[in-house]
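# Structure assessment
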Amino acid sequence: MQEKTSEAAKLLKASRHPVFLSGAGISAESGIPTFRGEDGLWKNYRAEELATAHAFQRDPKLVWQWYNWRRQIISEKKPNAAHYGVVKLQKLIPQMPIITQNVDGFHKKAGAKNVIEMHGNIFETFCFSCRAYSDADTTTEEVQKCGVCKSGLLRPGVVWFGEALPVNAMQQISIELQKADLILVVGTSGQVYPAAGFASVVQSKGGKSIEINIEQPVNVDLGLTGKAGELLPQIVEEYMKL
Ligand code: APR
Ligand code: ZN
């Protein structure tokens, strides 16, 4: 594996504009369940059944309680060696943006800069009707009404299946991908678009792709099979030797 972490470090060093993309797997070693792993179910529901506007309309309390469960877990956990590895890497490569599908806020909490939370943040809330952002009590089981329009229900500030990504985030990402000559993908199953397509965007322009996953990566220039919390710090170490 040392050969591969060293190769990854060399590719990063040679890149003028690398971008970093993470998914739920980077927070797995913090103790946060992934979506498509063995521990991804809540009360036998899959994420796809709960993370939709339709599910919230049908049963807002059920969806809210799922988010309460997830918020509770996240608030009891902290960033791990992978998140801190990213921060160190970014100190060496300050122009590298951190694009994440995760809503746990751990990249920022660890101290990363230029973090694009493309699926939002689980601790924020906005109105299902008028879309105004306001704070809700995210510990109570009751779904709360919006204080602005007085009628809509407050929903989590995340992107659900079937919804468009925040315009700002998409604009920033497209600027970054235009410049990118390398993408480092960590801990995502690559099943949810648009993030699942970012590596091929970079590759189609002749850029390189590196992936870290506990399951053997496919369709990348360099795949590292293993835990993000072990491999990212090793890549940083190798980078510092160059
Ligand atoms: N290190 C590296 N990779 C890991 C680790 C680890 N310690 N643990 C798990 N993984 C990998 C798994 O092999 C899997 O490929 O992380 C990936 C997690 O995949 P998903 O659970 O599908 O998470 P993600 O790709 O982030 O999901 C995308 O789907 O439900 C939506 O909006 C939600 O942002 C989420 C999106
Ligand atoms: Zn409202």
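Residues numbered from 1 in each chain as written. Chains lettered and ligands numbered in written order. Predicted model: local features only at pLDDT ≥ 70, side-chain atom pairs only at ≥ 80, totals over all residues. Heavy atoms only, no water.

### Section: the site of ligand 1
Worth spelling out the cut-off: Only heavy atoms are used to decide nearness, and a residue is near a molecule or strand if one of them lies within 4 Å of it. Any N or O atom pair separated by 3.5 Å or less is treated as a polar contact, with the protein-specific requirement of one donor-capable and one acceptor-capable atom, and with residues adjacent in sequence counted only for side-chain atom pairs. Every accessible area reported is derived by Shrake-Rupley at a probe size of 1.4 Å, with residue values counting cover from the shown protein chains alone.
Neighbouring residues of ligand 1: 22 residues in total, closest Ala24, Glu29, Thr188, Ser189 and Asn213. The separation between an oxygen atom of ligand 1 and a polar side-chain atom of Arg36 is 2.8 Å. Across the complex, the protein chains shield 91% of the 730 Å² of accessible surface that ligand 1 would expose by itself.

### Some details on the coordination of the zinc ion (ligand 2)
Stated formally: With water omitted from the atoms examined, metal sites may look incomplete; donors here are N, O and S atoms no farther than 2.8 Å from the metal, or 3.2 Å in the case of Na, K and Ca. In short, tetrahedral needs four donors with all angles between 85 and 135 degrees, square planar needs four and octahedral six donors with opposite donors over 155 degrees apart and all other angles between 65 and 115, and whatever is left is irregular. Categorising residues by exposure relies on relative accessible area from a 1.4 Å probe, with only protein chains included: less than 20% of the type maximum marks a residue as buried, more than 50% marks it as exposed, and the intermediate range marks it as partly exposed.
Every protein donor of the zinc ion (ligand 2) is listed here as Cys127 (SG), Cys130 (SG), Cys146 (SG) and Cys149 (SG), and their distances to the metal cover 2.3 to 2.4 Å. Classification of the site at the zinc ion (ligand 2) rests on its four donor atoms, whose angles at the metal span 106 to 117°, yielding the label tetrahedral. Counting along the primary sequence, the residues that act as donors to the zinc ion (ligand 2) give the motif C-x2-C-x15-C-x2-C. Owing to a relative accessible area of 0%, Cys127 belongs among the buried residues under this scheme.

### Quick notes on unusual backbone geometry
The cut-off we apply is this: Per the convention used, a helix needs a DSSP run of H or I reaching at least four residues, while a strand needs a run of E reaching at least two, with both numbered from the N terminus.
A cis amide bond links Tyr193 to the next residue, Pro194, at an omega of 10°. Its place among the elements puts Pro194 in the loop between strand E6 (182–186) and helix H8 (198–204). One non-glycine residue with positive phi stands out, namely Asn219, at about 60°. As for its position among the elements, Asn219 is in the loop between strand E7 (208–213) and strand E8 (222–225).

### Some words on the environment of Lys227
Topologically, Lys227 is positioned in the loop between E8 and helix H9 (228–241). With a relative accessible area of 41%, Lys227 lands in the partly exposed category. Separated by 82 residues in the primary sequence, Lys227 and Lys145 have C-alpha atoms spaced 42 Å apart.

### Quick notes on the domain arrangement of the chain
Just so we agree on the cut-off: Domain limits in this description derive from either an automatic procedure or a database domain assignment. In this analysis, two residues are considered to be in contact whenever any of their non-hydrogen atoms come within 4.5 Å of each other. Buried area: the accessible surface (1.4 Å probe) lost by two parts on joining, summed over both. In the sections that follow, a salt bridge refers to a side-chain nitrogen of Lys or Arg positioned within 4 Å of a carboxyl oxygen of Asp or Glu. Three classes are used: nonpolar for Ala, Val, Leu, Ile, Met, Phe, Trp, Tyr, Cys and Pro, charged for Asp, Glu, Lys and Arg, and polar for all others, with Gly counted as polar.
Split into domains, the chain comes out as domain 1 (1–31 + 79–119 + 164–242) and domain 2 (33–76 + 121–158). Taking the mean C-alpha position of each, domain 1 and domain 2 sit 27 Å from one another. Facing 13 residues of domain 1, the contacting portion of domain 2 comprises twelve residues. When the two sides are added together, the surface that domain 1 and domain 2 hide from each other amounts to roughly 880 Å², 60% of it contributed by carbon and sulfur. For the pair domain 1 and domain 2, the number of links is zero salt bridges. Counting the contacts that link domain 1 with domain 2 gives one residue pair in polar contact (both at pLDDT 80 or more). For the side of domain 1 that touches domain 2, the residue count by class is five nonpolar, six polar and two charged.

### A short note on the packing of helix H5 (residues 81–92) against H9
This is how the line gets drawn: Note on definitions: angles span 0 to 180 degrees between N-to-C directions of axes, and those axes are lines fitted to C-alpha atoms, for helices only across the stretch in contact. The scheme is simple: roughly parallel for angles under 35 degrees, roughly antiparallel for over 145, roughly perpendicular for 65 to 115, oblique for anything else. By the definition used in this description, the sense in which the near helix is turned from the far one sets the handedness, with an anticlockwise turn below a right angle giving left-handed and a clockwise turn giving right-handed.
For the pair H5 and H9, the least separation of the axes is 7 Å and the interaxial angle reads 25°. With respect to each other, H5 and H9 are oriented roughly parallel. Handedness of the crossing formed by H5 with H9: left-handed. Facing H5, whose interface residues are Ala81, Ala82, Gly85, Val86, Lys88, Leu89 and Leu92, H9 presents Ala228, Gly229, Leu232, Pro233, Val236, Tyr239 and Met240. Across the contact of H5 with H9, the residue classes tally to eleven nonpolar, two polar and one charged.

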